[in-house]
Each structure stands twice: as C-alpha cells, then as structure tokens.
Amino acid sequence: MSQDLSTSSGCGSSACACKAPEVAEAPVEIASINGIHLHDAGEVLGEQTLRERACTELLRQQAVSAGLLPRFTGLNAPEPDDDMRRAIEALLEAEVHSPEPGLEECRRHYEAHKPRFVVGQALHVRHILFAVTPGVPVNALAQRAEAALLELSRQGVSIDRFAQLANELSNCPSSAQGGDLGWITPQDCAPELAKALFLQNDAIQALGLHPRLVHSRFGLHIVEVLEREAGRLPEFAELQAQIGARLALQSQATALRQYMQLLVGQADVEGVELEGADTPLVQ
C-alpha cells in the first residue's frame, strides 16, 4: 500500500510544520555613556576598543563640563580630533595630581628591590621542562615533576642523574645536552624564570638545585644553577634619578586610574564593563 509522503509523519514535505522555526539574531546592544552612543547600531567592537572609546567619551564629557570644549548635540560620540585631545590633556593636567616621590621613598624602593638593579649578572643553568600543552593532565604532570625534583634533591644522588632525567623527561630541545641552557641573563628567559632566578632576594647568591618547581608560561621547570656571574649593584646615588622617574610614573598612573574610577562612578554607563568608584579621588 502506497503512502502519501506529503502528509506522513516522516516530514517529507519541504513545507512541513515540523520544521524548526528560524531564530532571529539578537540585536547588538548599543553601549553608551550618559546616553551618548559609543558605536552605531549593529556595529560590533572588540572589548578593548569599546573600553577605550568609553574612557575617551567620559573624559570628553568632563572637559565639556569644565568649559574646555563646546557642548555636543549629536547622538553618537564624536571622533577625537586635535581640539578634543588638547582639551583632555588640559583637563587631566588640572584635575589629576600625584605627589613627587621623595628621597626616602626612592631609597626604600632601592633597598627593597636591589636584585632588579643589578647589572651584568648571568647564570649558567640547566633545566628539565615538563611542558603544559592542550590535553595534558596538569595534576599528573605536576606529580611527575615533583617526583623527579625529590629524586634529585636526595643526598648521594649521582652527579649524572640530572642529565639522565633531562634526556628522558624534558620537553625542551636542550634535553639532548642534558638540559644545559648555557649562560643566560634576565633578558634571555621568560619573565617567570627571570623572577625566580634573578630577581628574588633569596636567589642572589644561590647555586645548585632550585628547591621548588618553577612555573612559567611553558610549563614546570626543574632548574639547577651551575655557575653565577654576580654582576654589580650600582650605588643608590647612581640610580636615584631613574628610581624617582619610575615611582613618579607609577604615582601618576594610580592617580589617573582613581580619577577614571570616580568618573565612572558618577556616569550612566550602559553596555560596557568599566571599573566604577563612588569615593573621592585620593590625593
């Protein structure tokens, strides 16, 4: 017996009611600052670009309030031009203040961060890298690395054992040389390694096996310092101007961040994530 495909439950008809309805795409939310749009309807911006536009618009509106720019009657935020940039610079110069670092503050910074100021230092190191890659079970990898570090830490371990384990376990090309990386400076290695080996106060004179695994963007490292070129720590007088400039920049960045938080806390912000604050600018 033949079956009418157009009315059967098998949904043979192209016009069948069982067909899933089309779902309309959700409209893009228009981000705005105090009702001024940051982009056109349907325009999709990256998160960082959107934040930058929001911060610029906050500052433009504040410059208008301060009488540094004429009032704006449009719906969308205007593109920055030279007049706007000059007005924003004048606004920040007038309203964002940060204290200049004094002699004692600079000296305290020098004493607390001496390893960072050493010049000419270098290390002869070897390592075993347990690389963290997609799909690798991190906990199991860490246990394997800890077990290898424990073995190398034991008294009486063979002086050849590090090179053997590097050859067997390391995911670095240096494994073919027993993990030997040769002489390196802080600029030659990942920031995490530089911090652990050069910039810690307890690492300044350290030789031998590093007592802990070193975590970096590449994975987990067992590191041994074979030789150290100590370098030279300049006297405070040589670095005072450099330290003062660095601390002044940090102070200015903090004051600007606090000022922007204050503006965000006072504004009607829609469609963009910005840090807000409802406390006065800390002088």
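First, a word on what this report is: a plain description of the structure on this page. Within any chain, residue numbers begin from 1 and follow the written order of that chain's sequence. Local features are withheld for residues below a pLDDT of 70 in this predicted model, meaning they are given only at 70 or higher, and side-chain atom pairs are given and counted only at 80 or more; totals for whole chains, interfaces and linings count all residues. Computation of side-chain values: all heavy atoms of the structure, hydrogens and water removed.

A few words on the overall build of the protein chain. Within the protein chain one finds eight helices and eight strands. Taken over 283 residues, the protein chain has a buried fraction of 35%. Only heavy atoms matter for contacts: two residues are in contact if any of them lie within 4.5 Å across the pair. Residue pairs in contact within the protein chain that sit at least 24 positions apart in sequence constitute 66% of those at least 6 positions apart. The method behind every accessible area is Shrake-Rupley, applied with a 1.4 Å probe, and residues are considered shielded solely by the protein chains displayed. Total accessible area computed for the protein chain in this model is approximately 17900 Å², and 52% of it derives from carbon and sulfur atoms. Secondary structure elements follow DSSP: runs of H or I of four or more residues count as helices, runs of E of two or more count as strands, with numbering from the N terminus. Three labels apply to residues, based on accessible area from a 1.4 Å probe with only protein chains included: buried if under 20% of the type maximum, exposed if over 50%, partly exposed otherwise in between.

With that out of the way, let us pick up the packing of helix α5 (residues 138-153) against helix α6 (residues 161-169). A fitted line through C-alpha atoms represents every axis, and for helices the fit uses only the stretch in contact; the resulting angles, taken between N-to-C directions, go from 0 to 180 degrees. Contact geometry of α5 with α6 gives a least axis separation of 10 Å together with a crossing angle of 165 degrees. In this view, α5 runs roughly antiparallel relative to α6, as classed from their interaxial angle. Every pair of crossing elements has a handedness; the one defined by α5 and α6 is right-handed. Contact residues: R144, A148, E151 and L152 in α5; R161, F162, L165 and L169 in α6. Each angle is binned into one of four classes, with values under 35 degrees roughly parallel, values over 145 roughly antiparallel, values of 65 to 115 roughly perpendicular, and all other values oblique. Two helices crossing with the near one rotated counterclockwise from the far one by less than a right angle form a left-handed crossing, whereas a clockwise rotation gives a right-handed crossing.

Here we take up the sheet that holds strand β8 (residues 269-270). Paired strands, as defined in this entry, are two strands with at least two bridges between them according to DSSP. Ordered by their spatial adjacency, three strands build an open sheet running β2-β1-β8, and the pairing between neighbours is antiparallel. The open sheet is flanked by β2 (36-37) and β8, the only strands paired with a single partner.

Centres within 6.5 Å are what make two rings of Phe, Tyr or Trp a pair, Trp counting through its six-membered ring; a difference in plane orientation under 30 degrees is then read as stacked, over 60 as edge-to-face, and the rest as tilted. Within the structure shown, the criterion is met by two aromatic pairs. On the numbers, 6.0 Å between centres and 20 degrees between planes, the contact of Y110 with F117 is stacked. Residue Y110 is classed as buried on the basis of its relative accessible area, which comes to 6%.

Moving on, we come to the pattern of salt bridges. Close approach of charged atoms allows side chains with opposite charge to pair. For this analysis, a salt bridge means a side-chain nitrogen from Lys or Arg found within 4 Å of a carboxyl oxygen belonging to Asp or Glu. A full pass over the atoms with the stated rule returns eleven salt bridges. The salt bridge partner of E224 is R126, with a shortest N-O separation of 2.7 Å. A residue pair is termed long-range when its members are at least 10 positions apart, and E224 in strand β7 (residues 219-229) and R126 in strand β3 (residues 122-131) qualify at 98 residues. Exposure remark for R126: the relative accessible area of 15% places this residue in the buried category.

Within this scheme, the nonpolar core is defined by two criteria: the residues are buried Ala, Val, Leu, Ile, Met, Phe, Trp, Tyr or Cys, and they are joined through side-chain atoms within 4.5 Å. In terms of nonpolar packing, the biggest core is built from 22 residues, with L38, L58, L59, L69, Y259, L263 and V272 touching the most fellow members. For this core, the secondary structure elements donating two or more residues are α1 (47-65), α2 (82-95) and α8 (236-266). With six residues, the top contributor of residues to this core is α1. The contact partners of L59, leaving out residues within four places of it in the chain, are I88, L91, L92, Y259, M260 and L263. Grouped together as the second largest cluster of nonpolar side chains are 14 residues, L141, A148, F162 and L213 included.

Compared with an ideal rise of 1.5 Å per residue, which puts 14 residues at 20 Å, α2 spans 20 Å between its outermost C-alpha atoms and is within 8% of the ideal. Every buried residue belonging to α2 is among M84, A87, I88 and L91, and all of these are buried. Viewed along the axis of α2, the buried residues span an arc of 100 degrees, placing them on a single side of the element. Relative to its buried face, α2 has exposed residues pointing more than 90 degrees away, namely E89 and E93. Looking at the buried positions of α2, the neighbouring elements they touch are α1 and α8. Regarding α2, its N-cap is D81, as a side-chain oxygen of that residue lies 3.3 Å from the backbone nitrogen of D83 further along. In this analysis, the expected span of each helix is defined as 1.5 Å times one less than the number of residues it contains. Along the arc lie the directions from the helix axis toward the C-beta atoms. Each polar contact in these results corresponds to two N or O atoms within 3.5 Å; when the atoms are within protein, one needs to be able to donate a hydrogen and the other to accept it, and residues that are neighboring in sequence are counted only if both atoms are side-chain atoms.

Our next topic: unusual backbone geometry. Despite not being glycine, N34 has its phi angle at roughly 50 degrees, a positive value. Relative to the assigned elements, N34 resides in the loop between β1 (32-33) and β2. Judged by relative accessible area, which is 40%, N34 ranks as partly exposed.

What follows concerns the pairing of β7. The element β7 is extensively covered by neighbouring structure, given that eight of its eleven residues are classed as buried. Looking at chain direction, β3 and β7 are connected through ten bridges and run antiparallel. Within β7, the residue paired with A131 across the bridge is G219. As paired strands, strand β5 (residues 208-209) and β7 are joined by two bridges and run antiparallel to one another. Bridged to G208 within β7 is V225. Summarising the sheet, strand β6 (residues 214-216) and β7 pair through three bridges and their orientation is antiparallel. Bridged to S216 within β7 is G219.

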